[in-house]
Amino acid sequence: MNSDAAATRAGRPLWCLALLVLCGAGQAALAEDGYDLWLRYRPLPPAQREADRRAVRAIVAAGRSPTLDIARAELARGLDGLLGTAPPFAAAPTRDGSLVLGTALTSPLIAALRLAPGAAGREGYVIRSLRYAGHRLIVIAANEDIGVLYGTFAFLRLVQTQRPLGNLAMVSAPRIQHRILDHFDNLDRTVERGYAGESIWDWQKLPGYLDPRYTDYARACASLGINGTVLNNVNADADSLTPLYLRKTAALAAVFRPYGLRVFLTARFDAPIEIGGLHTADPLDPAVRAWWRSKVGEIYGLIPDFGGFLVKANSEGQPGPENYGRSHADGANMLAEALAPHGGIVMWRAFVYSQGPTDRARQAYDSFKPLDGKLDRKVLLQVKNGPIDFQPREPFHPLFGAMPRTSLMLEVQITKEYLGFATHLVYLGPLFEETLRSDTFARGPGSTVARVIDGSLFASPKSGIAGDANIGSDRNWCGSIFDQANWYAFGRLAWDPNLAARDVAEEWVRLTFSNDPAFVAPVVRMMMASREAAVDYMTPLGLAHQMAPSHYGPAPWIEASRYFNHADAQGIGFDRTATGSDAVAQYAPPVATRFADLKQVPEALLLWFHHVPWDYRMASGRTVWDELVIRYSRGVQQVTEMRQVWAGLAGRVDAERFAQVSAFLAIQEQEARWWRDASLGYFQSLSRRALPAGYSPPQHDLAYYEALCFPYVPGVWGERRGPLCR
Ligand code: GCV
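What you see is a predicted model; the values in this text were computed from it and never measured.

A. Structural context of the layout of surface pockets. Of the volumes computed, that of the second largest pocket is approximately 450 Å³. Lining the second largest pocket are 24 residues; nearest its centre among them are Arg122, Glu123, Asn227, Gly260 and Arg262. Among the secondary structure elements, those contributing two or more residues to the lining of the second largest pocket are α4 (66-83), α6 (145-160), β6 (178-182) and β8 (262-266). Considering only residue class, the lining of the second largest pocket consists of seven nonpolar, nine polar and eight charged.

In C-alpha cells, the structure reads:
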C-alpha cells in the first residue's frame, strides 16, 4: 500500500474519499483488474520517491536496437510511474544521478570501465553504483542487448521494492540456458488444463492482427528472463506445421524477438503422414527424414531464430517412433539431425506410461534409463518433477541423477490441474523449490535436481527448465491474482534455481500489491503455507491421484484412484519397496534406502512408498488412520485461517482484487472441506475406525459425494468429457 492510501485509512475526510483522484490520493485504492501483473509501477511513497529521484536524474541509454529501445522505454515508463515523472534522457553522464545503460559496444563508458564481465554471459547483466569523472552514476551493463533489457527489469524491481539505490553491486546471469513456457493451447483456442479463459493466441486473426497482448506477454516473460515459448499443445496437431499456421507463428515470433523470447512448436510425430502425404512416419525411413529436413528448412525460412521442437511421443495416444518399432532415441535423433544445421533443439518428453501391471511410477525410468548416452547432443529429455503427474506432492523423478550422459530438463506445471484450478490459493514456489533442492545423491551428497538441470552436475551440453503455462485470455492472465505468483516464481527460479521460494513470494507481493510490512508479512506467510495446506486437504501423507476424472474434486473410490491408494480393510498406501513394485530401487542407494525404510521415509511420502495397516503407529504415536483425519482437517483449518488473514487486510488493497481473492478463498474453503469429507468418508468405509475425538464426521454420507457430477469442467473436452462423472 502506498502512503497515500495509508493516509486515506488514517482518516481523510469522506468527501475526499469520493474524489480520490482529484485529491491526488490512493492509486492503490483504485480498482485494479490484475492486467498489469507485477509490472504495475505505482507511485512510491513521497520520501522514497524523493530519494530515488535524486539517485536517478537522467537516463543515458547508449545505442539503438529494437531490444535496447524496449529497455529504454521500459525504464522511462517504470520511473515515470514510480517517481511521478520520468527522468530526461541525456547524451552523456555529465551529472550526478545519471543512469547509464548499454553494452560495451554501445556505451564508451561501459567499454572503458569493462563493466560487463564474462560472468554476466550472453544474457546476464551488471548493476553498479559508482563514481565516474566526479559524478555519482548507476550503470546497467551487459554483453548483449538482451542482458540490458533483463538488467533494466531487475533495476526496476529494486526501485519497486524500495531498495536503496546508493550502493548497488549486482552481477546476475541465468544458470539455466533454456527457460521455457509450454502452452497446452490448441488451434481452436481451447487450452488443455487451462483455467484462465481461452488461449491468448488468436490464430484465426493472425498474422493480420497482432493483439497488443502478445507484446505484453513477451514483456512479462522478459521481465523474468523467460526466453522460450512453446505455443501449442503437446497433444499436438499436425496443422500447426502447415504453411498457413507457420506464417501465423512467424508473426508471433517477430513480436517476441526483441524481448529475447524464441518460439518453439510441438511436433506431431505422424505429421509426415497427416500433412506430408507419406505413408509412414518411421524415423529411419529416408523419405521421412527428408520430409522433416525440408519442413525444418521451411520453418527457418520464416522464423530464422526458431527454437526447435517439443515432442510428446507414444504417450496418452500420441503417435511416436515405437509405432514403427523404433526407439525414442531414433525419433528424437532424427528431429535433432534436421534441426542441427539451424541451431534448433529437441525437447523430448519422458512422460510415458501405459495401463498394465507395471507400477506407473516406474515406467518413464524403465523406458528412458537404457537410452542414456544414446540421445543426440541437441536433445534435452524433458522430465516432470515427479514420477506420476504433477501431484500436490511427489518425490523427485528418479530419472534425475540416473542419466549422466543426457541433458535433462525439468518440467513443472504452473497451471494447477491437480491443485484446485484457478480458485485455490496455492503458491507453487515451495513445490518447485522442494524439487530443485531434492538430493539425487548421483554423485554423492549435494547432487541436487537443480544441479542436474543447470548442467553443472554432469557437465551436460544443454540445460533447460519448462513450466506448463497458466496463461489465458482472462483479463488477469492467470485466472486469479495469486496464480500470477506461480508464473512469477517459475520465471525467477528458472533464472536462478537457488533462489528461496519465500524470497520470491515476498518480492512478488511487494510488486503486485504493496510494500506495506503489515500487508507483506501475513500474505507471504499465507502463501508459504498454502501448498502444504492443499497437500493436507487433498492427498496427505504421500497419497496421490485421488481426483475425479475431470481432475475437479475428490474421487478416491474410482478405479484410477484405487490403483494409487491401494486402500482396503487392512490398510492403505502403495508398496513401492522390494516387496511391492520396487520403484524405490530406481533411486541412488542412499535415497532408495531412506525411502524404503519405514523408519526413515519422510512422513510426507509414507503412503507413496509403503502400504501400512490402518493401525500403523506414526512418529507422533498416533495411528495412520488418526493421522490422516488430522491432516485432512488441518488442511481445511489452514484455509479457514487464510480467509481470516485476508479478511483482516481489507482496505490495504484495492477493492476489486480484494473482493476476488475473498470470493475465491471462500470457494477454496468449501472445496477443501469437500475433499476432506469425501476422502474420509470413503477411507472410513474401509478402515471402519472412528474419527479421533473432536473431529467432525463428514457432512454427508459417502453416497452423496459419489453422486456428485460436474460435466462442464474447464480444461477438458471431447472424449475426455464423456465419462467425467465416473
Ligand atoms: C497435455 C496429464 C494431463 C494431460 C496432459 C499430460 C501431459 O496427463 O492430464 O492433460 O496433456 O499430463 O503432460 O502430457
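On we go from here.
B. Representation of the pattern of salt bridges in the model. Using the criterion set out here, one finds 45 salt bridges in the structure. The salt bridge involving Glu32 is made with Arg657; its shortest N-O contact spans 3.6 Å. Taken as a pair, Glu32 in the loop between α2 (14-18) and α3 (46-55) and Arg657 in helix α22 (residues 655-687) lie far apart in primary sequence, 625 residues in all. Pair check on accessibility: Glu32 and Arg657 agree, each one buried. Counted as one network, the salt bridges with shared partners bring together Glu32, Asp36, Arg40, Arg42, Asp654 and Arg657.

C. Highlighting the site of the ligand. As a matter of local geometry, the ligand sits amid 15 residues, with Glu192, Lys312, Arg349, Lys384 and Glu417 nearest to it. Within the side chain of Arg193, a nitrogen or oxygen atom sits 2.8 Å from an oxygen atom of the ligand. Here an oxygen atom of the ligand and a side-chain polar atom of Asp389 are 3.2 Å apart. Across the complex, the protein chains shield 98% of the 340 Å² of accessible surface that the ligand would expose by itself.

D. Region of interest: the side chain of Lys462. When you line up the elements, Lys462 lands in the loop between α14 (449-453) and β13 (464-468). Here Lys462 is buried and forms no salt bridge, its nearest opposite-charge partner Asp376 lying at an N-O distance of 8.3 Å. Lys462 has contacts with Gln177, His178, Ile345, Arg377, Lys378, Leu380 and Ser407, leaving out every residue within four places of it along the chain.

E. Local environment of the confidence of the model for the protein chain. Looking at the protein chain as a whole, the pLDDT averages 94, with 95% of positions reaching at least 70. Contacts of residues 1-29 to residues separated by more than four positions or lying in other chains number 40 contacts, the stretch itself having pLDDT below 50.

F. Expanded view of unusual backbone geometry. Residues Leu206 and Pro207 are joined by a peptide bond in cis, for which omega reads 0 degrees. With respect to the element layout, Pro207 can be found in the loop between β6 and α7 (212-224). Positioned with a positive phi, Arg114 is a non-glycine residue whose angle comes to about 50 degrees. With respect to the element layout, Arg114 can be found in the loop between α5 (108-113) and β3 (125-132). Of note in the backbone geometry, Leu541 takes a positive phi value of approximately 60 degrees without being a glycine. Along the chain, Leu541 falls in the loop between α17 (517-538) and α18 (559-565). Owing to a relative accessible area of 3%, Leu541 belongs among the buried residues under this scheme.

Parameters at a glance
- Residues numbered from 1 in each chain as written.
- Predicted model: local features only at pLDDT ≥ 70, side-chain atom pairs only at ≥ 80, totals over all residues.
- Heavy atoms only, no water.
- 1 Å grid on protein atoms, 1.4 Å probe; cavity = no way out; pocket = protein on both sides within 12 Å on 5 of 7 lines; lining within 4 Å.
- Points joined across faces, edges and corners; volume = space filled by probe spheres on them.
- Helix = DSSP H or I, 4+ residues; strand = E, 2+ residues; numbered from the N terminus.
- Nonpolar A, V, L, I, M, F, W, Y, C, P; charged D, E, K, R; others polar.
- Salt bridge = Lys/Arg side-chain N within 4 Å of Asp/Glu carboxyl O.
- Buried < 20%, exposed > 50% of the residue type's maximum accessible area, 1.4 Å probe, protein only.
- Near = heavy atom within 4 Å.
- Polar contact = N/O pair within 3.5 Å; in protein donor to acceptor, adjacent residues only side chain to side chain.
- Areas by Shrake-Rupley, 256 points an atom, 1.4 Å probe, with all protein chains shown as cover.
- Lys, Arg positive; Asp, Glu negative; His and termini not counted.
- Contact = heavy atoms within 4.5 Å.
- pLDDT = per-residue confidence, 0-100.

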